[in-house]
Amino acid sequence: MDVLIHVFVALHIIGIAALLGGFLTQMKAMGAGAARFVPAMLHGALTMLVTGVALVGLNQADGGQVNNVKIGVKLLFLVVVLALVYIKRDEEKVDKGAFAAVGGLTLANIFIATLWT
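Since this is a predicted model, take the numbers as computed values, not measurements. (Residues numbered from 1 in each chain as written. Predicted model: local features only at pLDDT ≥ 70, side-chain atom pairs only at ≥ 80, totals over all residues. Heavy atoms only, no water.)

Caption draft 1: Structural view of the overall build of the chain. Scanning the chain from terminus to terminus reveals 5 helices and 0 strands. Mapped in sequence order, the helices and strands of the chain form the string α-α-α-α-α. Relative to its length of 117 residues, the chain is compact, with a C-alpha radius of gyration of 15 Å against a globular reference of 13 Å. Over its C-alpha atoms, taken along the principal directions, the chain stretches across nearly 50 × 25 × 20 Å. The buried share of the chain, reckoned over its 117 residues, is 33%. The contacts of the chain with a sequence gap of at least 6 include a subset with a gap of at least 24, amounting to 80%. A total of about 6,700 Å² of accessible surface is found on the chain, and carbon and sulfur atoms cover 71% of it. Averaging the locations of the 8 positively and 6 negatively charged side chains of the chain gives two centres separated by 9 Å. (Helix = DSSP H or I, 4+ residues; strand = E, 2+ residues; numbered from the N terminus. Rg over C-alpha atoms; globule rule 2.2 N^0.38 Å. Buried < 20%, exposed > 50% of the residue type's maximum accessible area, 1.4 Å probe, protein only. Contact = heavy atoms within 4.5 Å. Areas by Shrake-Rupley, 256 points an atom, 1.4 Å probe, with all protein chains shown as cover. Lys, Arg positive; Asp, Glu negative; His and termini not counted. Charge placed at Lys NZ, Arg CZ, Asp CG, Glu CD.)

As structure tokens, then:
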């Protein structure tokens, strides 16, 4: 079971890397007002959602304790990010506020995952 959990953790990290990497590649374009949500951001957010839900289930099945408040906050942030990216994925330009919100919530999600004990 530990190997399976570690595989899902690795996939979860790959998802966050795709989401954050997509955001960072568009930072220069954001300054020019031409930022857009790239497909990697949508796929990364979906990967995070699927692997995150799987990790919660696997940890509980393995007898581990899960901080439900922490997971709930992370899930809320991810659902907002996923909704923004999904709704505006086909637009040529995304307003700076929505784009910055996705980046900020993604960073907040990372810090919650690593610092909230």
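Caption draft 2: Structural view of a nonpolar patch on the surface. A cluster of nonpolar side chains, namely Val3, Val7, Leu11 and Ile14, defines an oily patch on the protein surface of about 360 Å² accessible area. Residue placement: Leu11 occurs in helix 1 (residues 2-25). Using a relative accessible area of 34% as the deciding quantity, one classes Leu11 as partly exposed. (Patch = residues over 30% accessible without salt bridge, like charges linked within 9 Å, V, L, I, M, F, W, Y side chains within 5 Å. Salt bridge = Lys/Arg side-chain N within 4 Å of Asp/Glu carboxyl O.)

Caption draft 3: Fine view of the nonpolar core. Among the nonpolar cores identified, the biggest contains 21 residues, and Leu19, Phe37, Met41, Val81, Val85, Phe99 and Val102 are the most heavily contacted of them. Elements represented by at least two residues in this core include exactly helix 1, helix 3 (39-61), helix 4 (68-87) and helix 5 (96-115). (Core = buried A, V, L, I, M, F, W, Y, C linked by side-chain atoms within 4.5 Å.)

Caption draft 4: Here's a closer look at the packing of aromatic side chains. Going through the model one piece at a time under the given rule, you end up with 2 aromatic pairs. On the basis of an interplanar angle of 25° and a centroid distance of 4.9 Å, the ring pair of Phe23 and Phe99 is categorised as stacked. Taken together, the residues span a long stretch of sequence, with Phe23 in helix 1 and Phe99 in helix 5 at a distance of 76 residues. Given the relative accessible area of 0%, Phe99 is considered buried. Pairwise contacts between aromatic rings join Phe23, Phe37 and Phe99 into one cluster. Above the ring of Tyr86, the side-chain terminus of Arg89 is found at 4.0 Å from the ring centroid. (Phe/Tyr/Trp six-rings, centres within 6.5 Å; stacked < 30°, edge-to-face > 60°. Lys NZ or Arg CZ within 6 Å of the ring centre and 35° of its normal.)

Caption draft 5: View of helix 4. Here helix 4 contains 20 residues, and its C-alpha end-to-end distance of 28 Å stays within 8% of the 28 Å for a straight helix at 1.5 Å per residue. Those residues of helix 4 that fall on the buried side of the exposure criterion are Lys70, Lys74, Leu78, Val81, Leu82 and Val85. Burial along helix 4 is one-sided: seen end-on, the buried residues are contained in an arc of 100°. Every exposed residue of helix 4 that faces more than 90 degrees away from the buried side is listed here: Asn68, Val69, Leu76 and Ile87. Looking at the buried side of helix 4, the elements it contacts are helix 1, helix 3 and helix 5. (Expected span 1.5 Å × (residues − 1). Arc of directions from axis to C-beta.)

Geometry only, nothing functional implied.
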